[in-house]
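Spelled out, the chains give:
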Amino acid sequence: THISGGVSIEGDIDSREIKMSGGIKISGSVRGADVRISGGTSIDGNLQGDTLDLSGGTKIRGGLKGGQVRISGETSVGNDVECDELRVHGSIFCNETVNCGLCEIDLAGESEIRELVGSKITVLNKGRTEGGWTFNFKKLKLMNKEDSNLRAQTIEGDDIILENTTAEIVRGMNIRIGSGCLIKRVEYSGTYDVAVDSRVDGAEKV
């Protein structure tokens, strides 16, 4: 299924291969084995696929479920995100829980996740060393590398590496708090390290 241009679709889309580009509004859910979305797309229901590739500005009012998920640009999800692998270059907003085996976020702009859970979680601000600008769709402005930040209530995983992250609690086995973080509490059972330019209010080995 190939859809492009300014299209409004009533109901669900269910196809093995789905490619959508341009300003598309879907009142239902989208399901497919291989789903590729680019441009400004709005989905009122859920998005599900074995492989999901989202670029540009994507808004999902329901939940997102997939095997391998790649996001570039900005994606917002109203409900839970559940996947095997999540790779983000840009911004992700999730009102509920992001649960994945592997999570790699390369920050480009602001991101916000209520609860981030995974086996291996890496949040990096690569722009800190590479420089450059990104466009923030929510605020409709250019943002530089210093503006990139992830906000979360809870981050929980086995191996966690964070940069430019603000969180209430970070809980896991091996935790490295890199540059630009503000964390209220860290609970760890293995190793723990914090950068000199980050702040952790309290850390406890459990």
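Along each chain, the written sequence defines residue order, and numbers are assigned to residues from 1. Selection of residues for local features in this predicted model requires a pLDDT of at least 70, selection of side-chain atom pairs for listing and counting requires 80 or more, and totals for whole chains, interfaces and linings are taken over all residues. Where side-chain values are given, they derive from all heavy atoms of the structure, hydrogens and water being excluded.

### Examining the overall build of the protein chain
- Along its length, the protein chain carries 1 helix and 18 strands.
- A globule of 206 residues ought to have a C-alpha radius of gyration of about 17 Å, and the protein chain, at 17 Å, matches this closely.
- For the C-alpha atoms alone, the extent of the protein chain along its principal axes is close to 50 × 35 × 20 Å.
- Out of the 206 residues in the protein chain, the part that is buried amounts to 47%. We count a stretch as a helix when DSSP gives it H or I for four or more residues in a row; a strand needs E for two or more, and each element gets its number in order from the N terminus. Only C-alpha atoms enter the radius of gyration, while the globule expectation follows 2.2 Å times N to the 0.38, with N the number of residues. Under the scheme applied here, a residue whose accessible area is under 20% of the maximum for its type counts as buried, over 50% as exposed, and between as partly exposed, the area being computed with a 1.4 Å probe on protein chains only.

### Brief notes about the pairing of strand S15 (residues 165-177)
- By this definition, two strands are paired if DSSP reports at least two bridges between them. Pairing analysis gives 11 bridges linking strand S14 (residues 149-162) to S15, with the strands arranged parallel. Of the residues in S15, the one forming a bridge with Thr154 is Ile169.
- By the bridge criterion, 6 bridges tie S15 to strand S16 (residues 182-188) in an arrangement that is parallel. Paired with Ala167 across the strands is Ile183, a residue of S16.
- Note: S15 against strand S17 (residues 192-194), 3 bridges, orientation parallel. Within S17, the position partnered with Ile177 by the bridge is Val194.

### Topic: the packing of aromatic side chains
- Only centres within 6.5 Å qualify two rings of Phe, Tyr or Trp (six-membered ring in Trp) as a pair; their planes then separate them into stacked at under 30 degrees, edge-to-face at over 60, and tilted for everything else. Taken as a whole and judged by the stated rule, the model has 1 aromatic pair.
- Aromatic pair Tyr188 and Tyr192: ring centres 5.0 Å apart, planes at 25°, arrangement stacked.
- You can call Tyr188 buried: its relative accessible area is 15%.

### Looking at the environment of His2
- Looking at the secondary structure, you find His2 in strand S1 (residues 2-4).
- The class of His2 is exposed, set by a relative accessible area of 60%.
- Considered as a pair, His2 and Arg171 are 169 residues apart in the sequence and their alpha carbons are 43 Å apart.
- The contact definition used throughout considers only heavy atoms, calling two residues in contact when any of these lie within 4.5 Å. Discounting residues that sit within four places of it in the chain, His2 has contacts with Glu17 and Lys19.

### Some thoughts on unusual backbone geometry
- In this structure, Asn164 is a non-glycine residue whose phi angle is positive, near 45°.
- Topologically, Asn164 is positioned in the loop between S14 and S15.
- For Asn164, a relative accessible area of 9% corresponds to the buried category.

### Notes on the nonpolar core
- Residues belong to a common nonpolar core when they are buried Ala, Val, Leu, Ile, Met, Phe, Trp, Tyr or Cys residues joined through side-chain atoms within 4.5 Å. Ranked by size, the top nonpolar core spans 47 residues in total, and within it Met20, Val30, Leu47, Leu64, Leu86, Ile155 and Val170 carry the most contacts.
- Element by element, the count of residues in this core is highest for strand S10 (residues 81-107), at 11 residues.

### Structural notes on the pattern of salt bridges
- Each salt bridge in this description consists of a side-chain nitrogen of Lys or Arg and a carboxyl oxygen of Asp or Glu lying within 4 Å of one another. Applying the stated criterion across every chain, the model contains 19 salt bridges.
- The residue Arg31 makes a salt bridge to Asp14 at a minimum N-O spacing of 3.4 Å. One end of the pair, Arg31, is in strand S6 (residues 30-38); the other, Asp14, is in strand S3 (residues 13-14), and 17 residues separate them in sequence.

### Focus: the environment of Gly172
- Tracing the chain through its elements places Gly172 in strand S15.
- Along the backbone, Gly172 and Gly157 are 15 residues apart, and their C-alpha atoms lie at a distance of 4.9 Å.
- Look past the residues within four positions of Gly172 in its chain and what remains in contact with it is Gly157, Asp158, Ile160, Glu187, Tyr188 and Ser189.

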